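Structural characterization, general
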Amino acid sequence: MKIKSTLHGLTPYQPGKPMEEVKRELGLDEVVKLASNENPYGASDSVQAAIQEAVSSIAIYPDGGAAKLRQKVAELHNIDEQQIIFGNGSDEVILILCRALLSAGDSIVTATPTFPQYKHNAVIEGANVIEVPLVNGTHDLDAMYDAIDETTKIVFVCNPNNPSGTYVNEEAFMSFLKRVPKDVLVVSDEAYEEYVTAEDYPDTIPLIKNYDNLMVLRTFSKAYGIASLRVGYGVANASFIQGIEPGREPFNTNSIAQAAALAALDDQDFIADCKVKNKEELELFEAFCEDNGFPYYPSQTNFLLFSVNKPGGEVFDYLLRKGFIVRNGEALGFPSYVRVTLGTKEQNERIRSLLTDWL
Ligand code: PMP
């Protein structure tokens, strides 16, 4: 059998070491994973109840169009229901977009380092990937604009950016969006939007009515606390959504996930509370870096990319032996850094004291 040549040389995505593997390898009873930016407080209590109820109908295929969830998301953003495409995580929306827009010889423009799935999916479709280096950890939108040519089909703006946690402000985003040719799709991937506190962060969804070439990605995997259930969505103009829908699998979001996402959306107090706690923990962690002279990238997310002036791999190994799985910056394009998802107060304090004891 001959596998599509664009898959050659690609490795499966490795989103952090699995907890069970670490427990087994190191003989640890308890391991805390702070590697994939999930919500350390889990999900709203109402999510558990919604899941219990949805379990009773698992013999039946889910509603492929996710009608109830669609209605709720449309209300939340004050948009039409036809403007939304759901994915098995926003990962799948990225896949659908690449499948729908890219052929061999086309190209995408991304920042580097950024979320790796843009490149991964574009490469599978045979497209070229133009990677524009971050400047001070932030997208250089002028350079990204300059990288656009007649082959460009998609520009991915990861805002806030994973793995740096930094953001593009409204002024920079608008100046970019206005200039991008109308036949190039601008994707604003806002997986961490619920955590953003910067006042000049762009409010992109209302822009869609004036920009047919804008798509906004959101997810239920981060602040909403249901990463394992895999729900994310894209918002764009209705005719574009209609055009890419055939690239979506018919039952890509399951009924338990849909019910959980609906319940999660209903409890905005929970999200607001998580945002406050996250901000407090972020400030404590950033202050720890300041006090110790550790370089870090100011974050608008629930993770922090920082350096203790040692190779990321060494810090990763040390914390792993102590039962904390974080991300080694060497694999993220920041060799002397680690990316730590902010955990609960106790978890964060423990990591800081482990680092202090060690250094
Ligand atoms: N975009 C960004 C920037 C992310 O960090 C992630 C998750 N790590 C995703 C998209 C994918 O999230 P999901 O598929 O869980 O919705």
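These numbers were taken from a predicted model, which means no experiment stands behind them.

A closer look at the site of the ligand
Residues in contact with the ligand amount to 14 residues; listed here are only the nearest, Gly89, Asp91, Thr219, Ser221 and Gly232. Its residues placed into classes, the shell around the ligand shows 4 nonpolar, 8 polar and 2 charged.

Structural notes on the UniProt feature "modified residue: N6-(pyridoxal phosphate)lysine" (unreviewed entry) in the protein
Under the UniProt annotation, "modified residue: N6-(pyridoxal phosphate)lysine" (unreviewed entry) lies at Lys222. Note that lysine 222 resides in the loop between β7 (214-219) and β8 (232-235). Every residue in contact with lysine 222, bar those within four places of it in the chain, is listed here: Asn37, Glu38, Asn39, Ala191, Tyr192, Glu194 and Asn302.

Points about helix α4 (residues 90-101)
With 12 residues, α4 ought to run about 16 Å at 1.5 Å a step, and its terminal C-alpha atoms sit 16 Å apart, in line with that. Of the positions making up α4, those classed as buried are Ser90, Asp91, Glu92, Val93, Ile94, Leu95, Ile96, Leu97, Cys98 and Leu101.

Concerning the sheet that holds strand β4 (residues 128-133)
On the basis of which strands lie adjacent, the open sheet formed by 7 strands has the order β2-β8-β7-β6-β5-β3-β4 and mixed pairing. Two strands bound the open sheet, and with one partner strand each, they are β2 (84-87) and β4. Here the average twist between neighbouring strands, direction ignored, is 20°. Where helix α5 (residues 117-124) meets the sheet, its contacts fall on β3 (107-112), β4 and β5 (152-158), and the angle it forms with β3 comes to roughly 155°.

Some details on the sheet that holds strand β11 (residues 327-328)
Taking strand neighbours across the sheet as the criterion, the 3 strands line up as β9-β12-β11 in an open arrangement whose pairing is antiparallel. With partners counted over all chains shown, the strands left at the sheet margins are β9 (303-306) and β11, one partner each. The sheet contact formed by β9 and strand β12 (residues 338-341) spans 4 bridges and is antiparallel. Counterpart to phenylalanine 306 in the pairing with β12 is valine 338.

Here we look at the environment of phenylalanine 156
Along the chain, phenylalanine 156 turns up in strand β5. Along the chain, phenylalanine 156 and tyrosine 118 lie 38 residues apart, while their C-alpha atoms are 7.2 Å from each other. Ignoring sequence-local partners within four residues, the contact set of phenylalanine 156 consists of Ile108, Thr110, Tyr118, Val187 and Asp189.

A word on the environment of aspartate 212
Position of aspartate 212 among the secondary structure elements: in the loop between β6 (185-189) and β7. Put simply, aspartate 212 and valine 184 are 28 residues apart on the chain and 9.8 Å apart in space, counted from C-alpha to C-alpha. Contacts of aspartate 212, omitting those with residues within four sequence positions, involve Lys182, Asn237 and Phe240.

Observations regarding the confidence of the model for the protein
Any residue range with low pLDDT should be treated as having predicted coordinates unsuitable for detailed reading. Scored by pLDDT, the protein has a mean of 96; 100% of the residues are at 70 or more. Complex prediction metrics read pTM 0.97 and ipTM 0.99.

Quick notes on helix α11 (residues 312-321)
Of all the residues in α11, the buried ones are Gly312, Val315, Phe316 and Leu319. Buried residues of α11 fall within an arc of 100° about the axis and therefore sit on the same side. Projecting away from the buried face of α11 at angles above 90 degrees are the exposed residues Asp317 and Arg321. Along its buried surface, α11 packs onto β10 (324-325), β11, β12 and α12 (345-358). Looking one or two places after α11, you find glycine 323, whose phi comes out positive at around 95°.

What counts, and at which threshold
- Residues numbered from 1 in each chain as written.
- Predicted model: local features only at pLDDT ≥ 70, side-chain atom pairs only at ≥ 80, totals over all residues.
- Near = placed C-beta within 6 Å.
- Nonpolar A, V, L, I, M, F, W, Y, C, P; charged D, E, K, R; others polar.
- UniProt positions renumbered as here; feature names shortened; annotations may be inferred.
- Helix = DSSP H or I, 4+ residues; strand = E, 2+ residues; numbered from the N terminus.
- Contact = placed C-beta atoms within 7 Å.
- Expected span 1.5 Å × (residues − 1).
- Buried ≥ 20, exposed ≤ 12 C-beta atoms within 10 Å, placed from the backbone.
- Pairing = 2+ DSSP bridges.
- Axes fitted to C-alpha atoms, helices over the stretch in contact; angles between N-to-C directions.
- pLDDT = per-residue confidence, 0-100.
- Arc of directions from axis to C-beta.

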